[in-house]
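These are the residues of each chain, in order.
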Amino acid sequence: MIPRIYIPGDSGALALGAEKVAKAIEKELADRGIEAKIVRNGSRGAYFLEPMVEVATADKGRVAYGPVKPSDVKGLFDSGFLTGGHHKRWLGAPDKIPFLAKQTRLTFARCGVINPLSLDHYKAHGGLKGLQNAVALTPADIVKQVTESGLRGRGGAGFPTGIKWKTVLDTTADRKYIVCNADEGDSGTFADRMIMEGDPFVLIEGMTIAGIATGATKGFIYIRSEYPHAVATMQKAVEAARKAGVLGVNVLGSPNAFDMEVRVGAGAYVCGEETSLLDSLEGKRGQVRAKPPLPAHKGLFGKPTVINNVISLASVPVIMDKGAAFYKDFGMGRSRGTIPIQIAGNVKYPGLYEAAFGMTLGEIVDEIGGGTATGRPVKAVQVGGPLGAYFPRTLFDTPFDYEAFAAKDGLIGHAGIVVFDDSADMLKQARFAMEFCSIESCGKCTPCRIGSTRGVEVLDRLAQNIEPEKQIALVTDLCNTMKFGSLCALGGFTPYPVMSALNHFPDDFRPTPVAEAAE
Ligand SMILES: NC(=O)c1ccc[n+]([C@@H]2O[C@H](COP(=O)([O-])OP(=O)(O)OC[C@H]3O[C@@H](n4cnc5c(N)ncnc54)[C@H](O)[C@@H]3O)[C@@H](O)[C@H]2O)c1
Ligand SMILES: Cc1cc2nc3c(=O)[nH]c(=O)nc-3n(C[C@H](O)[C@H](O)[C@H](O)COP(=O)(O)O)c2cc1C
Ligand code: SF4
């Protein structure tokens, strides 16, 4: 029985040199008498957190699943290749790490401070105050506060949360749902996981407020299967909240009923897309639905549904506690409040940093992240997951703001940033984006399903220096078709990493002509 080790091939892993790490893990296990075979699954994962390695066996399929213990690959930590410790460091004493102490923690205020599963600790640190205020208000007044706070969807699209809630509140139905999107598939992101493992009650409180605000009595938290600790913690927290009367037929003794369940995904990136997620929750194969109808009108089981990201929902209690004006005071332009920036990849200080919108990308990478772990110059930073653009140093003055990033053909997404040093080959990264899309495509529309597969082929020809100008024209044309012709943002946004790599790092796409190289 040979354990197979799956190496999630996301861009964070690539930034760290996934192949090298994979080989090292293989060796570490071999030294311990475990015969192992490396299999790259080519899709998602957050390698740098705790090494997210799935161990499966040929005869039983997946038998053990989840992070490898740091002690299993101690040599890798010693060599600085894996930095699982920052998870602990982040949850641990932020005051001992100067740049962590400089954060503005509103959503993450309690993480690392309280016992995550103690409702008493939660209450002693301001927990449930938002919900207490909410039960005394009308649904319309709660929605008004959330709208006035300026909170926008932290899952990536930045849609105003209050407006989404109002659509559900205004839609008449016998049943409505709150769905929390905890699929967290973006490379370099781990904020949702941190909340679920570090302060689960804040998510429960946020979802309950959403239920009361919109008339929904049932909630579902859809958690990616790669997060076994988060699943276990959320399940325990939901039980504790139910026992304490925070959930149930009379929320905090009020006439409002709300309850929720934890559901586990099946490992498809596209199931983070809200309509595939709904299909998956309904027990079907996760495939993107055409919009309209919006989930807010016709969502889970055809009923009006609020779908929000973990951080969007977890940001609501502080708004309902301290008021819309308090929250709105942070940030810049139309990006209000704080955002948990997740710094990963080849960076000296990876971790989660909650700050008001408005810091520049350069401040985040150089000052907070401390530059690359390898000490080499930063070449590129991918912001917003595998569908996000690669920004060169010349764009480091871009403030962390939805509109500022969009103006430079980029996106903030879920605020994960992955840093690459000057050894990165951007043609390879562009190929990775196309390959990722072809693996994760739900297959419903042609530009994404066929386009991504053809895209890999075109970039492979480019790498072999076969008629390079022709391939560049072809990939540009293909990206245009994918951007405007895809049904959802998986196919529609894959052109961002591809075209930004091509536009900002053209030298990597034009291999030295043979004659020149020979001189
Ligand atoms: N967090 C992650 O792991 C991850 C992974 C991949 C992509 N993304 C992000 O996903 C984003 C795209 O998501 P999308 O396709 O759902 O975006 P979208 O713009 O279609 O929708 C955003 C949200 O607003 C809602 N909405 C839109 N108009 C509405 C209206 N008039 N009334 C009520 N609700 C309305 C949608 O239902 C949805 O919930 C990208 O920007 C990307 O950053 C995130
Ligand atoms: C391919 C794809 C994957 C997505 N994955 C996630 C995800 O893992 N988590 C998430 O919150 N949103 C994800 N989204 C965005 C959701 O469709 C949706 O916009 C979000 O859950 C709405 O919540 P928000 O308004 O609170 O951000 C994804 C979108 C696409 C196109
Ligand atoms: S863009 Fe890709 S993932 Fe989205 S609907 Fe089309 S085939 Fe499916």
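Residues numbered from 1 in each chain as written. Chains lettered and ligands numbered in written order. Predicted model: local features only at pLDDT ≥ 70, side-chain atom pairs only at ≥ 80, totals over all residues. Heavy atoms only, no water.

1. Quick look at the packing of aromatic side chains
Next up, step 1: Considering all chains together, one arrives at 11 aromatic pairs under this definition.
Next up, step 2: Both rings, one in Phe493 and one in Tyr496, keep their centres 5.2 Å apart while their planes meet at 70°; by these two values the pair is edge-to-face.
Next up, step 3: Given the relative accessible area of 32%, Phe493 is considered partly exposed.
Next up, step 4: One aromatic cluster is present, formed by Tyr177, Phe220 and Phe301 through successive ring pairs.
Next up, step 5: One cation-aromatic arrangement involves Arg193 over Tyr227; the distance from NZ or CZ to the ring centre is 5.6 Å.
Next up, step 6: The side chain of Arg224 reaches across the aromatic face of Tyr227, ending 5.0 Å from its centre. (Phe/Tyr/Trp six-rings, centres within 6.5 Å; stacked < 30°, edge-to-face > 60°. Buried < 20%, exposed > 50% of the residue type's maximum accessible area, 1.4 Å probe, protein only. Lys NZ or Arg CZ within 6 Å of the ring centre and 35° of its normal.)

2. A word on the pairing of strand β5 (residues 177–182)
Next up, step 1: In terms of burial, β5 is largely enclosed, as 6 of its 6 residues are buried.
Next up, step 2: By the alternation rule, side chains of β5 split into Tyr177, Val179 and Asn181 and Ile178, Cys180 and Ala182, which are all buried.
Next up, step 3: Bridge count for β5 against strand β6 (residues 218–223) is 6 bridges, and the pairing is parallel. Paired with Tyr177 across the strands is Lys218, a residue of β6.
Next up, step 4: Of the strand pairs in this sheet, β5 and strand β8 (residues 305–309) are connected by 5 bridges, and their pairing is parallel. The residue bridging Tyr177 from the neighbouring strand is Thr305, located in β8. (Helix = DSSP H or I, 4+ residues; strand = E, 2+ residues; numbered from the N terminus. Pairing = 2+ DSSP bridges.)

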